[in-house]
Amino acid sequence: MSKRSVIPFGPQHPVLPEPIHLDLVMEDEKVVEAIPSIGFIHRGLEKLVDKKDFNEMVYVAERICGICSLGHGLGYSEAVEHVMDIEVPSRAKYIRTILSEMSRIHSHILWLGLLADGFGFESLYMESWRLREQVLDMFEEATGGRVIFSIMKIGGIRKDISNEMLADFQKRFDKMEEELKDIAKTFLDDVAVQSRLRDVGFLTKQQAEDLGCCGPFLRASGVKRDIRSTGYEAYGELDFEPCYSEIGDSYARTEVRIKEIFQAFDLIRQAIAKIPAGEIDVPVKGFPNGEYLTRIEQPRGEAVYFVKANGSKFIDRMRVRTPTFANLAGLTETLKGCDLADVPMLVLTIDPCISCTER
Amino acid sequence: MAIINFNKTVLHNLISKPATRLYPFEERVYPERTRGHVENDMDVCVLCGLCSIKCPTHAITVDKAAKTWSIRPMSCIQCRCCVDNCPKKCLSMAQKFQEPGPEKVTKTFHQTEKAIAAQEALMKAAKERAAAAAAAKAAAAGTATPAAPVQKPTE
Ligand code: SF4
Ligand code: SF4
């Protein structure tokens, strides 16, 4: 047996915008074991339920993450709505769905850009982010914010998106879809890209299930599990089949995410065609009492929201389990046996979001 | 081949104009809904204090005695709660973002003469209405009932 050594990776590392630390136990150039440690940016957002009432808490939930901000607001609102037995009007559900898919598109394109940056393909990175910018502009037109949207509220949404605006978005998405096809081709067919992604970081179906992975990371290993198929919000009324791949390497993860972007375009098209007219919110009376656990599919995977209320203005306990937290166990498994040079790429392929993990 | 495929995009980007704005020379046109910063029309504000109660970050302070309305822009999270809840609709969300600065400031605005006069006129009218209503009630009930207590002005 050759000599073992430990190489620290992170918390500051060029591919990581956020701090996570990995102790890589190496044997020559191969990783034998990876020991993650987190906790560098804990903000204690969950504890703020003591200070902010249950309506104001939506703003705090949104600030858990900058990329999935919409999803966090949505998940929290859904949990409280279930506790209070509020039925959200149909139009609000459709708009929530459309916005969720828009955030999926921008999150996945952001990830594609980071991936390209990770393997040093700068022009592909810039091109991806140029496309993503258009989604952010649409978000700003619809909600007034580019990162923090403040459009969710308990009982519906704050602002309606008119049908004209939706039709305009549809046109822009159609154009974007065309442009994205070129980029997707480069990601999936380019020789240089393939040499970095193919046959590294395998995770088998069994391992992915056992380690409780979620999101595109899980689906790339052949498990067809997508929380959207439980039909929350308007997903139940849309035609939708989870994207997945049987291979389970980095390439499969890229492929699944690219397929999901195109699927999101399709879901938006369906939702815009079906959206009913009507109210966008219902008045909220009284205070929540009871507990509820809800799951939604964030761009990065399944996020769990737990709310326990005691009938007063302030909620007793709010708990968020984010997708990256679930995927960290899978990450340590994929790192076993890979080359040191591949570690940054493999860390990227779970689409890590450490800020939300630590909240 | 795939490399050639992306070369097309690169060449296209090389000859087309930049995707970014030449910032200091070209200012951004914000969409209508952009939440930049909160503005208050002090000609209309009646200092009711509802905005400060509704603000999740307690960024607004209303001082009724000094007749001032102040906001700490660094605390404001641009959530639009105050704007949506203002009964006089004097608050608005301006599209332009707050200018950067070297220190945290508190912006204080005084209620204008116009607003004070309007508010006093309203109060007076409300008082008169209440007195008239009380007198009418007393007259209707006859002399048997003692004078009805003066109702609180509703404004
Ligand atoms: S809610 Fe409107 S009227 Fe009342 S104090 Fe605030 S800005 Fe003035
Ligand atoms: S926009 Fe929100 S945070 Fe800012 S002052 Fe108004 S209520 Fe407070």
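About the cut-offs
Residues numbered from 1 in each chain as written. Chains lettered and ligands numbered in written order. Predicted model: local features only at pLDDT ≥ 70, side-chain atom pairs only at ≥ 80, totals over all residues. Heavy atoms only, no water. Pairing = 2+ DSSP bridges. Helix = DSSP H or I, 4+ residues; strand = E, 2+ residues; numbered from the N terminus. Salt bridge = Lys/Arg side-chain N within 4 Å of Asp/Glu carboxyl O. Contact = heavy atoms within 4.5 Å. Buried area = accessible area lost by both parts, 1.4 Å probe. Polar contact = N/O pair within 3.5 Å; in protein donor to acceptor, adjacent residues only side chain to side chain.

Undergrad: What is the right way to read the pairing of strand E6 (residues 289-298) of chain A from this model?
TA: In summary, the side chains of a regular strand alternate between the two faces of the sheet. All names here are of chain A. Note that E6 and strand E7 (residues 301-310) share 10 bridges and pair antiparallel. Considered in E7, the bridge of Gln298 is made with Gly301. Here E6 folds back onto E7, and the loop between the two strands holds 2 residues.

Undergrad: Hey, could you run me through the pattern of salt bridges in this one?
TA: When the charged atoms of two side chains lie near each other, side chains of opposite charge can form a pair. Residues and elements named next belong to chain A. In this structure the tally under the stated criterion is 38 salt bridges over all chains. Across the pair Asp174 and Arg269 runs a salt bridge whose closest N-O atoms are separated by 3.3 Å. Here the residue Asp174 occupies a position in helix H5 (residues 163-189), and Arg269 occupies one in helix H9 (residues 250-274), the gap between them amounting to 95 residues. Note that Asp316 is salt-bridged to Lys308, the shortest N-O span being 3.7 Å.

Undergrad: Just checking my understanding: could you explain the interface of chain A and chain B for this structure?
TA: How big an interface is tends to be expressed through the accessible area that disappears when the partners come together. Contacts between chain A and chain B engage 30 residues on the former and 24 residues on the latter. Regarding the contact of chain A and chain B, the summed buried area is about 2,100 Å², with carbon and sulfur atoms giving 50% of it. The largest per-residue losses of area from chain A upon contact with chain B belong to Tyr59(A), Glu140(A) and Lys159(A), which jointly make up 23% of the total buried on that side. Inspection of the chain A/chain B interface yields 2 salt bridges. Here Glu140(A) ties to Arg28(B) by a salt bridge, and the two come within 2.6 Å at their closest N and O atoms. Applying the counting rule to chain A against chain B returns 11 residue pairs in polar contact (both at pLDDT 80 or more).

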